[in-house]
Amino acid sequence: MRRLPVLILHLLAAAAPLGAQRTITPPAAMRAIREQDISRDLNAMAGDAMRGREAGTIDEMRASMWSAEEMRKIGLRPKGDLGSWFQWWNMRRTRISTLSSSVSRDGRPLALWTDITPATNAAADVAGTTVFVGDARDTTVDVRGRIAVATLVAPPAAAIRSTTNTYEYNYTRPAIAAMANALTRRGATAVIVVADSIAELAFDAVARVQSRGTYDVIGGVPRSTRAPVAGTPAAALPTAPSASVPVLFVRRGSLSDWRTDGQRVDIRLRAESFEYPSVNVIGEVRGTDPSLRDEYVVFSSHQDHDGVRYTVAGDSIWNGADDNATTSVAVLAIARAWVKRPSARSALFIFHGAEERGLLGSRYHVAHPVVPLERIVAVLNGDMLGRNHPDTAALLGSQPPHRNSAALVQMAIDANRATARFAIDSLWDRPTHPEGWYFRSDHVPYAERGVPALFFSSNLHQDYHTPRDEPKTIDIRKLTRITQWMYMTGWIAGNAPQRPAVDPGFVLR
Ligand SMILES: [Zn+2]
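Since the structure is predicted, the reported quantities are computational estimates derived from the model, not experimental observations. (Residues numbered from 1 in each chain as written. Predicted model: local features only at pLDDT ≥ 70, side-chain atom pairs only at ≥ 80, totals over all residues. Heavy atoms only, no water.)

**Section: the overall build of the chain**
Across its full length, the chain holds 11 helices and 20 strands. Taking 23 Å as the expected radius of gyration for a compact globule of 509 residues, we find that the chain reaches 24 Å, a close match to that expectation. Counting across all 509 residues of the chain, residues that qualify as buried make up 60%. In the chain, the share of contacts with a sequence separation of at least 24, taken over all contacts with a separation of at least 6, comes to 85%. Looking at the chain as shown, the accessible area adds up to about 19,600 Å², and 53% of this sits on carbon and sulfur atoms. (Helix = DSSP H or I, 4+ residues; strand = E, 2+ residues; numbered from the N terminus. Rg over C-alpha atoms; globule rule 2.2 N^0.38 Å. Buried < 20%, exposed > 50% of the residue type's maximum accessible area, 1.4 Å probe, protein only. Contact = heavy atoms within 4.5 Å. Areas by Shrake-Rupley, 256 points an atom, 1.4 Å probe, with all protein chains shown as cover.)

The following block contains the structure:
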């Protein structure tokens, strides 16, 4: 079922004055963008056989090989390392070590991730005695220097996300964070949160997600300071509890074991860190104009998604059909049209690896670009292109403070007029939007460094980051239209006599 979003549509104030609308006819090559190719590729890339394409696993590798093979069949030129399709780099994962960590109560060990789950990735060494607070809102209990135990307090409705994960998960996470903050501030040396009946249903999911740890890229540019923590809307970010205070989550059924004050709890959480490869997949079409072909238009997607995770309604494969097989197959379709008729400037087709782990592939490529960054005239990135109302789409980076090139925005507006004619939803591009969506895809590291960049999207929905993000939910017609729109934007940027200028004084904030 398609949800009708509540839309307040603002026609974007175009840089061109009224009456000066440019009519641009798409080249005949655009007919090479075909619904049947897009549908076939989407089913291949987001089918269960790809197992959700998790970064750093053999499943991301399989999707990356598939992407490169499609690029080869289309007739792109490889633009990765040593004449290959691939730019390899390492991700670093840091997590709580299951083997060398332990938690015990009165000398009896508790099973990590099964009986008790760390709720942060911080290493910790805390031993002490418990005080049962019961209700964490009761501030009369002195928790200073003690290990505070409290039952989970339901979060305010506004803190519970409606996109991504399950309701129970989205209920549990902000509740634990808020309680950890409050009890840490009151002087607890550790916080143990006992699940209520709703959070109990999320216990295994929290354990599965938490045990994965955190990810970074070796040799990439730093993450934008505006980037929200993965899975957390910007506006709902709790203040991080002090890293030295461990926060643990236990099952509802253990409540009676925790009620007695003065039990000795020994918490030894050790972190472990290791490196392993992910990859960007890069193809090129050389430009036709010798004086412009050393400038590049970039079409950008990410091939990874969230892999095999906890089960929701009998399904554990998080297919990532909308996120981001849609843009990946759109980029392949654009490439098919591009090889038929290249633009004056060259074009790069980049699948960034490990986007879901923190924009890792784009942060690496920006630090080690296959062509000089200043020769990239436009980055046209897409993320989630196939859902929501059939006639609306978002163009992020189209209004201040996110806009870094009014000239490129104008090209996209002209391209929309010549192709899809979407009503452009500008709400999600606002700095006040609670999702902070602008900061959550691969154009950001480019935009931050002054490369004109746009982010095409049909926005979030209730199946985002769940196993329900399946190929059958994708509106292929709409996806094809957005593909034409991205293509046409690139076509205009690839042939314009002047490259799109960066707005003077632009600083991303
Ligand atoms: Zn995505």
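**Notes on the packing of aromatic side chains**
In total, this model carries 17 aromatic pairs according to the counting rule given. Taking 6.0 Å as the distance between ring centres and 20 degrees as the angle between the ring planes, the aromatic pair formed by Trp 89 and Tyr 364 counts as stacked. Residue Trp 89 is located in strand β2 (residues 86–96), and its partner Tyr 364 is located in helix α8 (residues 360–367); the two are separated by 275 residues in the primary sequence. Comparing Trp 89 with Tyr 364, the two get one shared label, buried. Pairing Tyr 438 with Phe 439 gives two aromatic rings, centres 5.2 Å apart and planes at 85 degrees, and the pair type is edge-to-face. By relative accessible area, Tyr 438 is classed as buried at 0%. Residue Phe 439 is classed as buried on the basis of its relative accessible area, which comes to 2%. By way of ring pairs, the aromatic residues Phe 299, Trp 338, Phe 349, Tyr 487 and Trp 491 are connected into one cluster. Directly above the ring of Tyr 215 sits Arg 357, whose terminal nitrogen or CZ lies 5.2 Å from the centroid. (Phe/Tyr/Trp six-rings, centres within 6.5 Å; stacked < 30°, edge-to-face > 60°. Lys NZ or Arg CZ within 6 Å of the ring centre and 35° of its normal.)

**Remarks on the coordination of the zinc ion**
Tetrahedral metal sites with four donors have an ideal angle of 109.5 degrees; octahedral sites with six donors have ideal angles of 90 or 180 degrees. Coordination of the zinc ion by the protein comes from His 302 (NE2), Asp 323 (OD), Asp 383 (OD) and Asp 383 (OD), over a distance range of 1.9 to 2.5 Å. Considering all four donor atoms around the zinc ion, the spread of angles at the metal, 56 to 149 degrees, places the coordination shape in the irregular class. When the donor residues of the zinc ion are listed from N- to C-terminus, their spacing reads H-x20-D-x59-D. With Asp 323 in helix α7 (residues 321–340) and Asp 383 in the loop between β17 (376–382) and β18 (392–396), the pair connects residues that are 60 residues apart, well separated along the chain. Residue class for Asp 383 comes out buried when judged on its relative accessible area of 2%. (Donors = N, O, S within 2.8 Å, 3.2 Å for Na, K, Ca; no water. Tetrahedral: all angles 85-135°; square planar, octahedral: opposite > 155°, others 65-115°.)

**Focus on the packing of α7 against helix α11 (residues 476–495)**
Working note: a packed helix pair is described by the angle between its axes plus the distance between those axes. Where α7 meets α11, the axes come as close as 9 Å, and the angle between the chain directions of the two elements is 55 degrees. Our classification of the angle between α7 and α11 gives oblique. Relative to α11, the crossing made by α7 is right-handed. Across the interface between the two elements, Thr 326, Val 329, Ala 330, Ala 333, Ile 334, Ala 337 and Trp 338 from α7 touch Leu 479, Thr 483, Met 486, Tyr 487, Gly 490 and Trp 491 from α11. Broken down by class, the residue content of the contact of α7 with α11 amounts to 10 nonpolar, three polar and no charged. (Axes fitted to C-alpha atoms, helices over the stretch in contact; angles between N-to-C directions. Parallel < 35°, antiparallel > 145°, perpendicular 65-115°, else oblique. Left-handed = near helix turned anticlockwise from the far one by under 90°. Nonpolar A, V, L, I, M, F, W, Y, C, P; charged D, E, K, R; others polar.)

**A few points about the domain arrangement of the chain**
Assigned domains within the chain: domain 1 (28–92 + 275–495) and domain 2 (98–269). Placing the centre of domain 1 and that of domain 2 at their C-alpha centroids yields a distance of 36 Å. Between domain 1 and domain 2, the contact holds 37 residues from the first and 28 residues from the second. Here domain 1 and domain 2 share an interface that buries about 2,800 Å² over both sides, 54% of which is from carbon and sulfur atoms. Taken together, the links from domain 1 to domain 2 amount to three salt bridges. (Domains from an automatic or database assignment. Buried area = accessible area lost by both parts, 1.4 Å probe. Salt bridge = Lys/Arg side-chain N within 4 Å of Asp/Glu carboxyl O.)

**Topic: the side chain of Thr 327**
Mapped onto the elements, Thr 327 comes out in helix α7. Looking at Thr 327, the relative accessible area reads 0%, which means it is buried. Within the structure, the side chain of Thr 327 is placed 2.6 Å from the side chain of Asn 324, a separation counted as a polar contact. With near-sequence residues (within four places) excluded, Thr 327 lies in contact with Ser 300, Ser 301, Gly 382, Asp 383, Met 384 and Leu 385. (Polar contact = N/O pair within 3.5 Å; in protein donor to acceptor, adjacent residues only side chain to side chain.)

**Quick word on the pattern of salt bridges**
For the structure shown, the criterion picks out 37 salt bridges. Put simply, Glu 284 and Lys 79 hold a salt bridge, and the shortest N to O gap is 3.7 Å. Here Glu 284 is found in strand β12 (residues 271–285), whereas its partner Lys 79 is found in the loop between β1 (77–78) and β2, with 205 residues between them in sequence. Residue Glu 284 is classed as buried on the basis of its relative accessible area of 1%. Beyond isolated ion pairs, a larger network of salt bridges with shared partners links Arg 34, Asp 37, Arg 40, Asp 41 and Arg 336.

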